Amino acid sequence: MGSNAAENHPISFKYVTEAQQNGAKMINVDPRFTRTSTRADIYASLRSGTDIAVLGGMIKYILENKLYNKEYVSAYTNAGFLVNKKFKFDDGKFSGFDAEKRKYDKSTWGFQLDKNKVPKIDRTLKKRNSVFSLLKKHYKKYDTKIVSKITGTSEKDLIEIYKTYAATGARGKAGTIMYAMGWTQHTVGVQNIRCMAMIQLLLGNMGVAGGGVNALRGESNVQGSTDQCLLWHILPGYLKIPKASNTDLTAYNNKCTPKSNDPLSANWWANTPKYSVSLLKSYFGEKAQKSNDFGYSWLPKVDDGKDYSWFTIFDNMYRGDVEGLFAWGMNPACSGANSLKTRKAMENLDWMVNVNLFDNETGSFWKGPGVTPSKVKTEVFMLPACVSVEKEGSITNSGRWMQWRYQGPKPLGNSLSDGDIIIKLGNELKKAYAKDGAFPEPIRNLKWDYLTHDEYDPHKVAKEINGYFTKDVTVKGKLCKKGTLVPSFAWLQADGSTSSANWLYCNSYTEKGNMSARRSKKDAENKIGLYPEFAWCWPVNRRIIYNRASVDAQGIPWDKKDWVVKFAGKQENGKYVSKKWLGDVPDGGWYPLENPDGTQRKDAKYAFIMRKHGHAQIFGPGRADGPFPAHYEPIETPVAKNLLYPKQLQNPVAVTYSTDSDKYAKSTSKYKIVCSTYRVSEHWQTGLMTRPQEWLMEMQPQVFVEMSEELAKQKGIKNGERVVVESIRAELECTAIVTKRFKPFKIDGKIVHQVGVPWHFGWRWPDSSKDASVKEDSANLLTPSAGDPNTRIPETKAFLVNVRKM
Amino acid sequence: MSKSFFIDTTLCTACRACQVACKQWHDLPAEKTTNRGSFQNPADLSFETYKLVRFNEQVIDGKLNWLFFPDQCRHCYEAPCLEVADDPTAIFKDPATGAVIFTANTKNLDADEIIDSCPYNIPRKAKDGTLAKCDMCLDRVQNGQVPACVKTCPTGAMHFGESDEMLSLAKQRLAQVKGKFPKATLLDSDFVQTIYLTAHDPELYSKYAIASVTNKGIIAPMLTRQEALQKMFKPFIAAAKELV
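So, here is what we can say about the structure in this document. (Residues numbered from 1 in each chain as written. Chains lettered and ligands numbered in written order. Predicted model: local features only at pLDDT ≥ 70, side-chain atom pairs only at ≥ 80, totals over all residues. Heavy atoms only, no water.)

## Brief notes about the overall build of chain A
Put simply, the test is: The numbering of helices and of strands both runs from the N terminus, where a helix is a DSSP run of H or I of at least 4 residues and a strand a run of E of at least 2. When we talk radius of gyration, it's over C-alpha atoms, and the globule rule is simply 2.2 Å times the number of residues to the 0.38. Residue burial is assigned from relative accessible area. The probe radius is 1.4 Å, only protein chains are included, and a residue is buried under 20% of its type maximum, exposed over 50%, and partly exposed in between.
Of the regular secondary structure elements, chain A holds 20 helices and 36 strands. Against the globule reference of 28 Å for 806 residues, chain A gives a C-alpha radius of gyration of 27 Å, in line with a compact fold. Summarising its shape, the C-alpha atoms of chain A cover approximately 80 × 70 × 55 Å along the three principal directions. For chain A, with 806 residues in total, the buried portion stands at 57%.

Right, dumping it as structure tokens:
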């Protein structure tokens, strides 16, 4: 669900077909019958934007038929936690909703604590206020009848899907999900993923071989770029971004370090100060000293309560509040939702630096369709970047494997690697700020020594990311010399004696060498395809995260054949007396929770070590829109009423914007057809690398709109003719593909149509200046500036359009 | 000893990497195409397109299928094109692999006659009458490499190797998929060096998927020649039917 792996992640799909040959069943749920659907054992369609209804129905099915792994759920998840008695969910809203601010006060979403401030846990899962009881109550309404009315999926299909998938809850069985932008790009994007994660927890499918919730990334290094803090709200290694109110390092560390009084909770984030100080040491080197808070005051801070997401940056730009933009390796004129707004916003810039392989619709926005170049003041600088094969460095794949890649050919012409461009930029900034400038300290004090023979050296950066000992220290009884690489994050310190630009990657490049460059094809002893000496995986080369959930309380694998880790310590008189784990690097090498005789151990730790309370969160109190996912209609929905919550149509805290370019269509408007954007195998992203490639353009030459035979008939549209797809924001000319692969949905007794448009095209190529008959442009002209309240990812997978003949 | 392809369409996802790899290895130009209301593009094989994935939406037993058929030369053991041409400088069989090779001298042949002779409708002509089609990447194969399409296939649909090994692999796969697809079949497998495995009735994938159907519905003036070819193919067809 939410992905089309055969078309968009074809290599990943190879393993799906291999699993099928070994007897696995593949379920595919998608509004459209895709190339992935052709290989599915079970295919069912659903109306775009109704995934939580389908998944919520599955939770109900699992609970009512008792198909969950009770031992797992009780021991490893917060299902037994008792929730604050004031927590409520009424009329489609959680307790604490502030209608004016369109925000939740989350204070009632917490847990009941005992006198030691440890959550009260009922491992029998029976108490009225337990997460498990609340979960049952929350999804009680999600029966197949109502789910079918909302989604358009038949009850028969729903039951078949539920039955097949829930069977993976049996001990020793596993099920996995491959999702992508089909789940994330909704105003309930995060809750889509959470809902599946909850199912995986109920079925005991997290931490096991063949389990997990697998994000198929939109680009090969999305995992790596996120780990290294591409997003505004984090620093490298998922440390929180400092806020204005975190006035010094102590305040920051206090605010960002979770505290647990439960001796059984490892609460790994308690180490935050070690990681934040090591990061500051990496940024500012010798200039970072205890006496100056390790340079904490030089870090940029965000204003409390403000967001700096992509959407908001462009909204600010549209309002004229942004002077300059580095568009680096992206093409916002085509990739961002509501592209007309994005393109217009760029007209307000004084300058733009476009770093890319080729000129694109972003760098050339000033001469785009409907723009008068003489009226645009923006000065655009183009910095040609080389392609990935022309540079050395690493990428991190969706499985968190950091893989080193070598340089093939040298960069063409005057193009440079991103590393070289950044180094040169940094050098120039340092020169400029050496004399004067406002607040010059961060730039002057920045450690910037990544050159070898005057060229950017990716190895120096990789080592910096791993981290060094910054003085001779004795740790764990071992002398560590200044300037040597830190062996792993367990050695990082909060006193300034270590540096690490990303604690999660500490262990990737050590005195033993570059771990990510390893290429051994030897599998681990459990023979489940971990290949521990091929590349390197964060954290500490652990291939399956939370793998201690793959064993029961006594350390015995749920799955005897395809086990991930197992406890192999010695036992005497029914008690474990020595520690030893086999298989993958365990999530902490502590003793199992129980001895073989069933007695509890006091020196054990819960399996989910990154959670404050050590348990995976079926109840997730940290999200902006509620601790349990609830079905809400998209911001642009074809239905007038949310059948589950008649008083709450949409996510009450969904993000929308309010400029004159932010328009949203209602179900009563002329835009009644659901539309989704998507990709095809033959193109890549906004098509910048694929549109100039003639062999690919030969296969997918034009932007198209896929529609059902029924809709085509109704609109008098013939297969292959050019038509107009219009949203409340813009029009787009497309070629109609009339297909059996889209079928009209029956939603609460009424017919709802859905169409889809790929977003790989743009006006620059094919070049309309050479051929006036060519009118290709981005599908993002049509999409709304509506976003998820947690991530502000745009809702480009479910919005409203109309289709008409030219 | 000869070499064969085994194309397992039950694993094909129509990613079309094979179609591009073929163009790349043979340095063939892209055709100027438009979207005609289908993913299939170019519309057909051509002098510049030796390999084409055909897309067909078919409802079978009330269930929608999107059938993919990576179409290419079958390199027949006894190739009608070669026999009709009767000119080894234009069309010959590579003795080591059994690849049916068209040379520049095909320009001197009656192109339409050669095209019509092919029960799988594969060869295509240039404006000057020169013919072209899949050459089994003979240059690669002679240097110990598999054909470009096979090399690039990410799903395990494309295979290449010794003919007897390919046939036994095909039979093994057929046996494996029979449970799921009772109508699964190998197409003309005793007569060609490109063995297809299809899950459903081959006619649903391509009009010319098997020799036995190609001679139906051909336009009238061609009939005589078609009948002659049908006669030539009769033993094949009879045998194929027995096999099925």
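## Examining the interface of chain A and chain B
To be explicit about the condition: A contact between two residues is defined here by any heavy atoms of the two lying within 4.5 Å. Simply put, the buried area is the total loss of 1.4 Å probe accessible area from both parts when two parts are fitted together. The salt bridge criterion pairs a side-chain nitrogen of Lys or Arg with a carboxyl oxygen of Asp or Glu, the two atoms within 4 Å. Definition of a polar contact: a pair of N or O atoms within 3.5 Å, with one able to donate and the other able to accept a hydrogen when the atoms are protein atoms, and with sequence-neighbouring residues admitted only if both atoms are side-chain atoms.
Between chain A and chain B, the residue contacts involve 38 residues of the former and 37 residues of the latter. Taken together, both faces of the contact between chain A and chain B bury some 3,000 Å²; the carbon and sulfur share is 58%. When the buried area of chain A at its contact with chain B is split by residue, W695(A), E698(A) and M699(A) rank highest and sum to 26% of it. Viewed at the interface, chain B and chain A are joined by 4 salt bridges. For the pair chain A and chain B, the number of links is 14 residue pairs in polar contact (both at pLDDT 80 or more). At the level of secondary structure, the elements contributing two or more residues to the side of chain A that touches chain B comprise α1 (5–8), α2 (10–21), α19 (694–699), β29 (704–708) and β31 (731–739) of chain A.

## What about α2(A)?
All names here are of chain A. For clarity, the threshold we go by: One fewer than the residue count of a helix, multiplied by 1.5 Å, yields its expected span. The directions from the helix axis to the C-beta atoms are what the arc is built from.
Across its 12 residues, α2 extends 17 Å between first and last C-alpha, which sits within 8% of the 16 Å expected from 1.5 Å per residue. Of the positions making up α2, those classed as buried are F13, V16, T17 and Q20. Buried residues of α2, viewed axially, fall in a sector of 95°; they line one side. Packing partners of the buried residues in α2 comprise α1 and β7 (177–179).

## Things to note about the pairing of strand β14 (residues 393–396) of chain A
Residues and elements named next belong to chain A. Formally: Paired strands, in this sense, are two strands between which DSSP finds at least two bridges.
Bridging between β14 and strand β15 (residues 401–405) involves 4 bridges; their strand directions are antiparallel. Paired with S394 across the strands is W404, a residue of β15. In textbook terms, the turn of a hairpin is the stretch between consecutive antiparallel strands, and for β14 and β15 this stretch comprises 4 residues, one of which, R400, has a positive phi near 70°.

## Notes on a positive patch on the surface
To be explicit about the condition: Within the patch definition used here, like charges are joined within 9 Å and nonpolar side chains (Val, Leu, Ile, Met, Phe, Trp, Tyr) within 5 Å, considering only residues with over 30% relative accessible area and no salt bridge. We get accessible surface area from the Shrake-Rupley algorithm with a probe of 1.4 Å; when it comes to residues, only the shown protein chains can shield them. Only four residue types enter the charge count, namely Lys and Arg as positive and Asp and Glu as negative; His and the chain termini do not. Charge positions are represented by NZ for Lys, CZ for Arg, CG for Asp and CD for Glu.
A contiguous patch of positive charge on the surface is contributed by K101(A), K103(A), K106(A), K240(A), K243(A), K255(A), R611(A) and R623(A). The residue K106(A) is located in the loop between β6 (103–104) and α5 (131–138) in this model.

## Some words on the packing of aromatic side chains
Quick reminder of the rule: Side-chain rings of Phe, Tyr and Trp (the six-membered ring for Trp) are treated as a pair once their centres are within 6.5 Å; stacked means planes under 30 degrees apart, edge-to-face means over 60, and tilted covers the remaining angles. Comment: the charge-over-ring label is applied if NZ (Lys) or CZ (Arg) is within 6 Å of the ring centre and within 35 degrees of the ring normal.
On inspection of all chains with the given rule, the structure shows 50 aromatic pairs over all chains. Taking 5.4 Å as the distance between ring centres and 55° as the angle between the ring planes, the aromatic pair formed by F311(A) and Y657(A) counts as tilted. Of this pair, F311(A) sits in helix α13 (residues 310–318) while Y657(A) sits in the loop between β27 (655–656) and β28 (673–678), and the two are 346 residues apart along the sequence. As far as the burial class goes, F311(A) and Y657(A) line up, both buried. For the pair F567(A) and Y576(A), a centre-to-centre distance of 4.6 Å together with 70° between the ring planes defines the contact as edge-to-face. In terms of burial, F567(A) and Y576(A) fall into one category: buried. An aromatic cluster is present here, built from F81(A), F87(A), F89(A), F94(A), F97(A), Y104(A), W109(A), F111(A), F619(A), F628(A), Y632(A) and Y645(A) joined pairwise through their rings. A cation over a ring is seen here: K301(A) above Y296(A), with NZ or CZ 4.5 Å from the ring centre. In this structure, R140(B) is placed above the aromatic ring of W25(B), and the distance from its NZ or CZ to the ring centre is 4.6 Å.

## Thoughts on the pattern of salt bridges
As enumerated under the stated definition, the model contains 46 salt bridges over all chains in all. A salt bridge links E709(A) to K740(A); its shortest N-O distance comes to 3.1 Å. Of this pair, E709(A) sits in helix α20 (residues 709–715) while K740(A) is found in the loop between β31 and β32 (745–747), placing the two residues 31 residues apart along the sequence. Owing to a relative accessible area of 33%, E709(A) belongs among the partly exposed residues under this scheme. Note on K740(A): relative accessible area 24%, which makes it partly exposed. For E721(A), the salt bridge is made with K805(A), and the minimal N-O distance between the two is 3.1 Å. Here E721(A) is found in the loop between α20 and β30 (722–726), whereas its partner K805(A) is found in strand β36 (residues 799–805), with 84 residues between them in sequence. Within this structure, D44(B), R54(B), D71(B), R74(B) and R124(B) form a network of salt bridges that share partners.

## Considering the sheet that holds strand β8 (residues 158–162) of chain B
Residue and element names in this part refer to chain B. In plain terms, the rule: Only the stretch in contact is used when fitting a helix axis, every axis being a line fitted to C-alpha atoms; angles between N-to-C directions are given from 0 to 180 degrees.
Taken in spatial order, the 4 strands line up as β8-β1-β10-β9 in an open sheet, and their pairing is mixed. Either end of the sheet is taken by a strand with one partner, and the two such strands are β8 and β9 (185–187). Ignoring strand direction, the axes of neighbouring strands in this sheet form an average angle of 25°. Relative to β8, strand β1 (residues 3–8) is paired through 5 bridges, and the arrangement is antiparallel. Bridge pairing in β8 links K3 to E162.

## Some points on unusual backbone geometry
Each neighbour pair has its own omega, and for W538(A) with P539(A) the value is -5°, a cis peptide bond. Inspection of the secondary structure assignment puts P539(A) in the loop between β22 (536–537) and β23 (565–567). Residues N41(B) and P42(B) are joined by a peptide bond in cis, for which omega reads -5°. Structurally, the position occupied by P42(B) is in the loop between α1 (17–26) and β2 (52–60). Of note in the backbone geometry, N507(A) takes a positive phi value of approximately 115° without being a glycine. Relative to the elements of secondary structure, N507(A) occurs in the loop between β19 (478–480) and β20 (509–510). By relative accessible area, N507(A) is classed as buried at 16%.

## Some details on the packing of α13(A) against helix α15 (residues 339–346) of chain A
Residues and elements named next belong to chain A. Definition in use: The labels follow the angle: roughly parallel below 35 degrees, roughly antiparallel above 145, roughly perpendicular from 65 to 115, and oblique for the rest. Crossing handedness: left-handed means the near helix sits turned counterclockwise from the far one by under a right angle, and right-handed means the same turn made clockwise. Gly counts as polar in this scheme, as do all residues outside two lists: the nonpolar Ala, Val, Leu, Ile, Met, Phe, Trp, Tyr, Cys and Pro, and the charged Asp, Glu, Lys and Arg.
Here α13 crosses α15 at 55°, and the two axes come no closer than 8 Å. Between α13 and α15, the crossing angle belongs to the class labelled oblique. Every pair of crossing elements has a handedness; the one defined by α13 and α15 is left-handed. Every residue of α15 that contacts α13 at W310, F314, D315, M317 and Y318 is listed here: K341, T342, K344, A345 and M346. Among the residues forming the contact of α13 with α15, the class breakdown is 6 nonpolar, 1 polar and 3 charged.

## Describing the sheet that holds β22(A)
Residue and element names in this part refer to chain A. If you walk across this open sheet you meet the 3 strands as β14-β15-β22, and the pairing is antiparallel. The strands lining the two open edges of the sheet, one partner per strand, are β14 and β22. Relative to β22, β15 runs antiparallel, the two sharing 2 bridges. Directly across from W401, in β22, lies its bridge partner C537.

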